[in-house]
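# Summary of the model geometry
Take a look at the letters that make up each chain.
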Amino acid sequence: METIIEVKHLKKAYKKRKSKEYVHAVNDVSFQVKKGEIVGLLGPNGAGKTTTIKMICGLLIPDSGEIYVNGVDNQKKRLEALKHISAVLEGNRNLYWRLTVRENLNYFAGNRGVSKKEAAERIEDLLEKFNLKEKENELVNRLSRGMQQKLAIMVAMLADSEIILLDEPTLGLDVETGYEVRELLRDFVSNYNRTIIISSHDMDVIQDLCDRTVIINEGKVVTNDKIENLLQLFQVRAYTITLGGLLSDEQQRQLLQKFPQFEYTPDTVESTLKVNLLRSEEIYDLFDVLKKENTPVEAIDRATVNFENVFMKIVKGEFNHAMGPSS
Amino acid sequence: MQWVHLLNANVQKEYLEMKRYLPNTIALIVTFYAIFLGMFAGIQIIGDPASQDVNTQYAIVNYIFWFLSIMIMQNIGWEITNEAMRGTLEQLCMSPMGLWRILSARLFSSTFLYLIIIVVLLVGTMLTTGQWLNIDVVTILPIMLLTLVSMIGVGFMIAGISIIWKQVQAFLQILQFILAGLTFIPLSVAPLMVFLPFVKGVDLVRNVMIKGWSFQEISGVDFLILGFNAIFYFILGLGVFLFCERIAMRKGLLAHY
Ligand SMILES: Nc1ncnc2c1ncn2[C@@H]1O[C@H](COP(=O)(O)OP(=O)(O)OP(=O)(O)O)[C@@H](O)[C@H]1O
Ligand SMILES: [Mg+2]
C-alpha cells in the first residue's frame, strides 16, 4: 500500500501567556499513514493530538518538521495539499448556526469551488445516510448536539477528499448518538475507500474502527502498532491465578520484588493473584514462589484485557513497547 | 468557474444572514431611511435653496460613503471575530481555495448587498420627497467601482487585524471616526489626503453630483490617481491580511475558543 500521509519530526511549541516559557505541545512526532488505513490517534489530555491534527490540516505551521499529503509538501504547497484533506475539528460549533442544514452544506461546498448543482446529488445522498433528511430546512441552532455533530461530519465528507481527520467525533454525545455516529463512520469506512485519522478518548470507538493506533504522550509517539497486536501482547502477559489459600508475608515480599505491579486479593477460600509478565518464562519464577509453601493453585487464567487498560498502561509507562515480541 | 461558485455561495450566505438577523437589518434600513428623509427635508424647508441645496447634497454623498464603509468594515471584523469563536474560521481556512479568496467573495458580496440597500433607499427617498439629485450613472459607476476596490482593500486589513487581535471591536468603534474623516473632508481642504484610501473617489463623486461634472470633464489624471489608489490599497490590504493569516497559523490563533 502506498503512503498517503507522511509526518516527519514535527515540533510545535506554544508560548505561554504572559511568560517567556513555552509549552512543547508536539515534540518530534513522526508517523505514516497508508492509503485506505484508519488510524487512531490516542493520548491523554494535552498530549498534542489536536495540535498534530491541525498541522496536518494546514491550520498550524510547525516549528520544524515536514508533512507530506499525497506526496505534496503541505508547507510549500499548502492549498494543493488541502485538496486532499477535510476535517472535523474539536467541538461541534464549526457550523453556521443561523443557516439551515442544507444551507450549511451548500455554503461549504461553494467555498471549495463546487456549484450547488454539482453538490446536490452528494448532499441528497448524505442527508439520507445520516438520517437528517427531515431536518434539512431546520436552523442549525435548533438541532440537538448529536445532529449538529452529524452535520459537521457530513460537511467533511461532502468535500470528497481522500483523507478525513476527525478530532474527537463522539465527544459530548450521549451513548445512543455516540453509537449512531460510530455506526455511520464504520459504514462510511467500509463503503468508501477513504483514509481516516481519528482522535478520541473513547476506546470503544478506536477499537471498533481503527486498524492501527499511534499513541502520543507529552508530545512524543510512545506506541505505533496495530490494535490486535497490542491486545495480544497484553493478553499473553496478563495472568489471573486463583489460589486455594493465602500467601505468606514472605511470599508477598518475594513477589513484590519480581513483579512490582502484582495485585493480590486475599480470601481464605479463594484468593486471587494478578500479574503482568514481561516475558512468558517469568511464570516459572512465579511458580517457584508459590511452590515454596505449597500454596494450592486452583486455576490459571489469562486475564481478559480491554483496550482501555492497554492504553492506560502504555501511557503510564508501565509497559515498554520496545520489549514486546511484535517489535 | 470555481470563482463563480465561490462568489455565488457567499452572496447567498450574506443575504441569508441578513434575512435571519432581520431585526438588525430592519433597524439599519429604517435608520438610514430616516436620516435620508431628514436630509432631503433640509433641502426643502431651510432657507436659501441655492446654497442649502448644495450643502445637503454634499452631506448625502458623504453620508452614503461613510455608511457603506462602516458597514463593510464592521461586518467583516464582526464576522471574523465571531467565526474564530465558533470554529467556522478554521473550516474556511481548510478550503483549497484559500481564505483570502473566500474573504474576497465575502467582502464583494456584502458590499454589493449594502450598495443595493442604499440605492433602493436613496431612490425611495427621492420618490417620497420629490427631490431629485443629479445622479449621472454612467459617470458615477466607474468612479464608484474603483472606490469600492480600495474600500475592500481596507476591509482586508480589518479582517487580518481581527484574526490576530481579539479585542478588535473597540478599535472598530474608533474606526468609525477615521472613516468619517476619510469620507467627509474634501480634497480642496486637505490635498494630501489624496494618498489615503477612497478619498479621491468620494471627492470625484461629489463633483459629479454637485457640480454636475460629466465623464468627459474628469481628467485622465484623476482617473489614473483613482485607479492607482484603488489597486495600491487593494494589494496593501491583501498583503496585510496574508501576513496576519501567517502569524495566526504560527501562533494558533485561528480559533479563539
Ligand atoms: N492555541 C494554544 N495556545 C497555547 N497553548 C496551547 C494552544 N493549543 C494547545 N495548547 C497546549 O498545547 C498542549 C497540547 O494541546 P492539544 O490540544 O494538542 O492536546 P490534545 O491531545 O488535543 O488534548 P485533549 O485530549 O485535551 O484534546 C496542551 O498543553 C495545551 O494546553
Ligand atoms: Mg484535543
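This text goes with the structure placed above it.
Now for a description of the structure that goes with this document. (Residues numbered from 1 in each chain as written. Chains lettered and ligands numbered in written order. Predicted model: local features only at pLDDT ≥ 70, side-chain atom pairs only at ≥ 80, totals over all residues. Heavy atoms only, no water.)

## Comments concerning the coordination of the magnesium ion (ligand 2)
Residues and elements named next belong to chain A. This is how the line gets drawn: In this analysis a donor is any N, O or S atom within 2.8 Å of a metal ion (3.2 Å for sodium, potassium and calcium), and since water is not included, sites may seem incomplete. In this description a helix means any DSSP run of H or I spanning at least four residues, a strand means any run of E spanning at least two, and both kinds are numbered starting from the N terminus. Exposure categories follow from relative accessible area, calculated using a 1.4 Å probe and restricted to protein chains: below 20% of the type maximum is buried, above 50% is exposed, and the middle band is partly exposed.
The magnesium ion (ligand 2) binds to the protein through T50 (OG1) and E90 (OE), with metal-donor distances spanning 1.9 to 2.6 Å. On the criterion of sequence distance, the pair formed by T50 in helix 1 (residues 49–56) and E90 in the loop between strand 6 (85–88) and helix 3 (101–111) is long-range, its members being 40 residues apart. Under the relative-accessibility criterion, E90 is labelled partly exposed at 29%.

## Some points on the state of the cysteines
Two cysteines whose sulfur atoms are joined by a covalent bond form what is called a disulfide. Let me state the cut-off plainly: Criterion for a disulfide: a pair of cysteine sulfur atoms at a distance within 2.5 Å.
Applying the stated criterion across every chain yields a total of zero disulfides over all chains. The cysteine C244 of chain B is free of any disulfide, with C93 of chain B supplying the nearest cysteine sulfur at 12 Å.

## Remarks on the packing of aromatic side chains
Test applied: What counts as a ring pair is set by centres within 6.5 Å for rings of Phe, Tyr and Trp (its six-membered ring), and what kind of pair is set by the plane angle: stacked under 30 degrees, edge-to-face over 60, tilted for all other angles. Lysine NZ or arginine CZ positioned within 6 Å of the ring centre and within 35 degrees of the ring normal marks a charge as sitting over the ring.
Summed over all chains, the structure comprises 18 aromatic pairs over all chains. Judged by centre distance (6.0 Å) and plane angle (85°), the rings of F156 of chain B and F234 of chain B are edge-to-face. Of the two residues, F156 of chain B is situated in helix 6 (residues 137–164) and F234 of chain B in helix 9 (residues 220–251); the sequence distance between them amounts to 78 residues. Residue classification places F156 of chain B among the buried residues on the basis of a relative accessible area of 0%. Both rings, one in W165 of chain B and one in F171 of chain B, keep their centres 6.1 Å apart while their planes meet at 50°; by these two values the pair is tilted. Ring-pair connections join several aromatic residues into one group, and the members of that group are F32, F36, Y63, W66, F67 and F184 of chain B. Here the guanidinium or amino end of R98 of chain A rests over the ring plane of Y21 of chain B, the centre of that ring lying 4.2 Å away. Looking at R86 of chain B, its charged tip hangs above the ring of W97 of chain A, at a distance of 4.9 Å from the centre.

## Regarding the site of ligand 1
Just so we agree on the cut-off: Each residue is tested against the molecule or strand, and it is near if at least one of its non-hydrogen atoms lies within 4 Å. The term polar contact refers here to a pair of N or O atoms within 3.5 Å; inside protein, the definition further demands a hydrogen-donor-capable atom paired with an acceptor-capable atom, and it admits residues adjacent in sequence only when both atoms are side-chain atoms. To measure how exposed things are, a 1.4 Å probe is used in the Shrake-Rupley method; for residues, cover is taken only from the protein chains shown. Basically, the charged four are Asp, Glu, Lys and Arg, the nonpolar ten are Ala, Val, Leu, Ile, Met, Phe, Trp, Tyr, Cys and Pro, and anything else, Gly included, counts as polar.
Around ligand 1 lies a shell of 15 residues, among which G46, K49, T50, T51 and H201 of chain A are the nearest. Residues near ligand 1 are shared among chains A and B, making this a multi-chain site. In this structure, T50 of chain A approaches ligand 1 through a side-chain N or O atom, which is 2.6 Å from an oxygen atom. About the coverage of ligand 1: the protein hides 67% of its 640 Å² of free accessible area. When contributions to the shell around ligand 1 are tallied by element, the ones reaching two or more residues are strand 2 (22–34) and helix 1 of chain A. The element that contributes the greatest number of residues to the shell around ligand 1 is helix 1 of chain A, accounting for three residues. Split into classes, the residues belonging to the shell around ligand 1 amount to five nonpolar, seven polar and three charged.

## Re the interface of chain B and chain A
Quick reminder of the rule: In what follows, residue pairs with any heavy atoms lying within 4.5 Å of each other are defined as contacts. Salt bridges are counted wherever a side-chain nitrogen of Lys or Arg sits within 4 Å of a carboxyl oxygen of Asp or Glu.
Tallying the contact residues gives 37 residues for chain B and 39 residues for chain A. Here chain B is connected to chain A by two salt bridges. Measuring nitrogen to oxygen at the nearest pair gives 2.8 Å for the salt bridge that ties R20 of chain B to E103 of chain A. The interface formed by chain B and chain A contains 15 residue pairs in polar contact (both at pLDDT 80 or more). Every element with two or more residues in the side of chain B that touches chain A is listed here: helix 1 (2–20), helix 3 (49–86), helix 4 (88–93), helix 5 (99–129) and helix 9 of chain B. Per-element accounting of the side of chain B that touches chain A gives the leading share, 10 residues, to helix 1 of chain B. For the side of chain B that touches chain A, the per-class residue count stands at 15 nonpolar, 10 polar and 12 charged.

## Remarks on the sheet that holds strand 10 (residues 220–226) of chain A
All names here are of chain A. So the rule is basically this: Strand pairing requires that DSSP identify at least two bridges connecting the strands. A fitted line through C-alpha atoms serves as each axis, taken over the contacting stretch for helices, and the angle formed by two N-to-C directions is quoted from 0 to 180°.
Pairing is mixed in the open sheet, where six strands are placed in the order 6-7-8-3-9-10. In this open sheet, the two strands that pair with only one neighbour each are strand 6 and strand 10. Strand after strand, the sheet turns through a mean of 15° between neighbouring axes, direction not considered. Relative to strand 7 (residues 163–167), strand 6 is paired through four bridges, and the arrangement is parallel.

## What to know about the nonpolar core
Most often, soluble globular proteins have nonpolar side chains that are buried together. This is how the line gets drawn: Nonpolar cores were defined as sets of buried Ala, Val, Leu, Ile, Met, Phe, Trp, Tyr and Cys residues, with membership established by side-chain atoms within 4.5 Å.
Counting residues in each nonpolar core, the largest one holds 160 residues, and the members touching the most others are L105, L151, L165 and F307 of chain A. A total of 14 residues in this core trace back to one element, the largest contributor, which is helix 3 of chain B. In contact with F307 of chain A, not counting residues within four places along its chain, are L42, M203, I206, Q207, T213, I227, L230 and L231 of chain A. Listed in part, the 15 residues of the second largest apolar core include Y239, Y264, V289 and L290 of chain A.

## A word on the pairing of strand 8 (residues 195–199) of chain A
Residue and element names in this part refer to chain A. Here is the rule: A crossover gets the label right-handed when its path from the first strand over the helix to the second runs clockwise, viewed with the strands pointing away from the viewer.
Burial within strand 8 is extensive, with five of its five residues counted as buried. Because side chains alternate across strand 8, one face comprises the buried residues T195, I197 and S199, and the other comprises I196 and I198, equally buried. With four bridges joining them, strand 3 (residues 38–42) and strand 8 adopt parallel strand pairing. Pairing of I38 across the sheet is with I196, part of strand 8. After leaving strand 7, the chain enters helix 6 (residues 175–191) and then returns to the sheet as strand 8, a path that is right-handed.

## Thoughts on the sheet that holds strand 14 (residues 297–302) of chain A
By definition, the strands of a sheet pair up through backbone hydrogen bonds, in either a parallel or an antiparallel sense. All names here are of chain A. Pairing is antiparallel across the open sheet formed by four strands, whose spatial order is 12-13-11-14. The open sheet has two edge strands, strand 12 (263–265) and strand 14, and neither has a second partner. Each strand axis lies, on average, 15° off the axis of its neighbour in the sheet, ignoring direction. Alignment of strand 11 (residues 238–243) against strand 14, held across five bridges, turns out to be antiparallel. Its bridge partner being in strand 14, L243 is matched across the sheet by V297.

## Side note on helix 1 of chain A
All names here are of chain A. Of all the eight residues making up helix 1, eight are buried; the element is thus mostly covered by neighbouring parts of the structure. Within helix 1, the full set of buried residues consists of K49, T50, T51, T52, I53, K54, M55 and I56. The first or second residue beyond helix 1 is G58, which carries a positive phi of 75°.

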